[in-house]
Amino acid sequence: MEHGLVLAATLFSLGLAGLMLRRSMLFVLMSLEIMLNAAGLAFIVGSTAWNQPDGQAMFLLVITLAAAEASVGLALMIQLYQRFHSIKLDNVSRMRG
């Protein structure tokens with residue numbers, strides 16, 4: 001159980017570092033996906049350790065959330081590129097209307 005939780009914490013911290021340090025929307029979306037997968041891994045490790053199916057049900061919700069986040073994020077990235085020919089997050093504040 002400890003190894004799985006250490007791996008999940010490492011993945012989550014790498015995703016958080018990528019989220020804080022990168023200014024490209026593509027890297028931000030990838031970092032969010034890594035963080036969601038780390039949370040899902042922690043749910044699976046916990047559910048396996050305690051022989052409960054609740055963690056697996058939560059992982060299905062995490063997968064659903066990741067799919068919705070990816071679709072909305074990619075749509076925003078396409079709009080950002082079409083308007084400014086760049087995917088830097090600094091341009092997002094100029095998107096209005």
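Everything numeric in this text was worked out from a predicted model, so none of it was measured. Along each chain, the written sequence defines residue order, and numbers are assigned to residues from 1. It should be noted that, the model being predicted, local features are given only for residues of pLDDT at least 70 and side-chain atom pairs only at 80 or more, the latter also being counted only at that level, while totals for whole chains, interfaces and linings use all residues. Remark: hydrogens and water are excluded; side-chain values derive from all non-hydrogen atoms of the structure.

*Asks:* If you had to explain the UniProt feature "transmembrane region" (unreviewed entry) in the protein chain to someone new, which residues and values would you point to?
*Replies:* UniProt positions are given in the numbering used here, feature names are shortened, and annotations may be inferred rather than shown by experiment. The sites that UniProt annotates as "transmembrane region" (unreviewed entry) are residues 27-46 and 58-81. Secondary structure counts use DSSP, requiring at least four H or I residues in a row for a helix and at least two E residues in a row for a strand, with both numbered from the N terminus. Across residues 27-46 one finds 100% helix and 0% strand; the C-alpha atoms that close the span lie 29 Å apart. The annotated region residues 58-81 carries 100% helix and 0% strand content, and the separation between its end C-alpha atoms amounts to 34 Å.

*Asks:* Describe the packing of helix 2 (residues 25-49) against helix 3 (residues 54-84), listing the residues and the values that go with them.
*Replies:* Note on geometry: axes are lines fitted to C-alpha atoms, helical ones only across the stretch in contact, with angles between N-to-C directions running from 0 to 180 degrees. Viewed as axis vectors pointing N to C, helix 2 and helix 3 meet at an angle of 175°, and their least axial separation amounts to 9 Å. Taken together, the axes of helix 2 and helix 3 lie roughly antiparallel to each other. In this count, Pro and Cys sit with the nonpolar residues alongside Ala, Val, Leu, Ile, Met, Phe, Trp and Tyr, while Asp, Glu, Lys and Arg are called charged and the others, Gly among them, polar. Tallied by class, the residues present in the contact of helix 2 with helix 3 amount to 18 nonpolar, 5 polar and 2 charged. Should an angle fall under 35 degrees it is taken as roughly parallel, and over 145 as roughly antiparallel, whereas 65 to 115 is taken as roughly perpendicular and any remaining angle as oblique.

*Asks:* Pulling in residues and values, what's your account of the packing of aromatic side chains?
*Replies:* Pairing of aromatic rings covers Phe, Tyr and the six-membered ring of Trp, with a centre-to-centre limit of 6.5 Å; geometry is then stacked below 30 degrees between planes, edge-to-face above 60, and tilted otherwise. Under the definition given, this model contains 0 aromatic pairs. Only Lys NZ and Arg CZ are tested; either one counts as a charge over a ring when it is within 6 Å of the ring centre and within 35 degrees of the ring normal. The ring of F27 is capped by R22, whose NZ or CZ atom sits 4.5 Å from the centre of that ring.

*Asks:* Lay out helix 2 with the relevant residues and their values.
*Replies:* By definition here, a helix of n residues has an expected span of 1.5 Å times n minus one. With 25 residues, helix 2 should reach 36 Å at 1.5 Å per residue; the first-to-last C-alpha distance of 36 Å fits that figure. Whether two residues are in contact is decided by their heavy atoms: any pair within 4.5 Å suffices. The secondary structure elements touched by the buried residues of helix 2 are helix 1 (2-21) and helix 3. Just downstream of helix 2 lies N51, where phi reads positive at about 55°.

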